[in-house]
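So you can see what is in the structure, the chains are spelled out below.
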Amino acid sequence: MKALLIILIVILALFALTFTIYFFNLDMKLIRVVYDKMGKHYDNLEKKDKRL
């Protein structure tokens, strides 16, 4: 019975976490931050000339 209660609490906590991420659109906000940082990095790289 104690194990079932622990499993139920874990499932509810995971649901609350995923619902919060979905409700506040946190995944796309995180991706935007990563995209901006990667863009700055790749904009500073030296480009190869693709002309033949």
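Here is a short report on the structure shown in this document. (Residues numbered from 1 in each chain as written. Predicted model: local features only at pLDDT ≥ 70, side-chain atom pairs only at ≥ 80, totals over all residues. Heavy atoms only, no water.)

### A few points about the pattern of salt bridges
So, step 1. A complete count under the given rule lists one salt bridge for this structure.
So, step 2. Two residues, R32 and D36, come together in a salt bridge whose shortest N-O distance is 3.6 Å. Of this pair, R32 and D36 both sit in helix α2 (residues 26–43), four residues apart, roughly one helical turn. (Salt bridge = Lys/Arg side-chain N within 4 Å of Asp/Glu carboxyl O. Helix = DSSP H or I, 4+ residues; strand = E, 2+ residues; numbered from the N terminus.)

### A look at the packing of aromatic side chains
So, step 1. According to the stated counting rule, one finds three aromatic pairs in the structure shown.
So, step 2. Seen in terms of ring centroids, F15 and F19 are 6.1 Å apart; in terms of plane orientation they differ by 25 degrees. Their pairing is stacked. Residue F15 and its partner F19 are located together in helix α1 (residues 2–23), separated by four residues, close to a single helical turn.
So, step 3. The exposure class of F15 is exposed, given its relative accessible area of 55%.
So, step 4. You can call F19 partly exposed: its relative accessible area is 42%.
So, step 5. With a centroid separation of 5.0 Å and 90 degrees between ring planes, the pair formed by F23 and F24 is classed as edge-to-face.
So, step 6. The class for F23 is exposed, based on a relative accessible area of 55%.
So, step 7. Judged by its relative accessible area of 47%, F24 falls in the partly exposed class.
So, step 8. Members of the aromatic cluster, joined through ring pairs, are F15, F19, F23 and F24. (Phe/Tyr/Trp six-rings, centres within 6.5 Å; stacked < 30°, edge-to-face > 60°. Buried < 20%, exposed > 50% of the residue type's maximum accessible area, 1.4 Å probe, protein only.)

### Remarks on unusual backbone geometry
Most peptide bonds take the trans configuration, and most residues that are not glycine carry a negative phi.
So, step 1. The phi torsion at N25 lies on the positive side, around 55 degrees, for a residue other than glycine.
So, step 2. Secondary-structure assignment places N25 in the loop between α1 and α2.
So, step 3. Residue classification places N25 among the partly exposed residues on the basis of a relative accessible area of 38%.

Without other data, these values stay purely geometric and don't point to any function.
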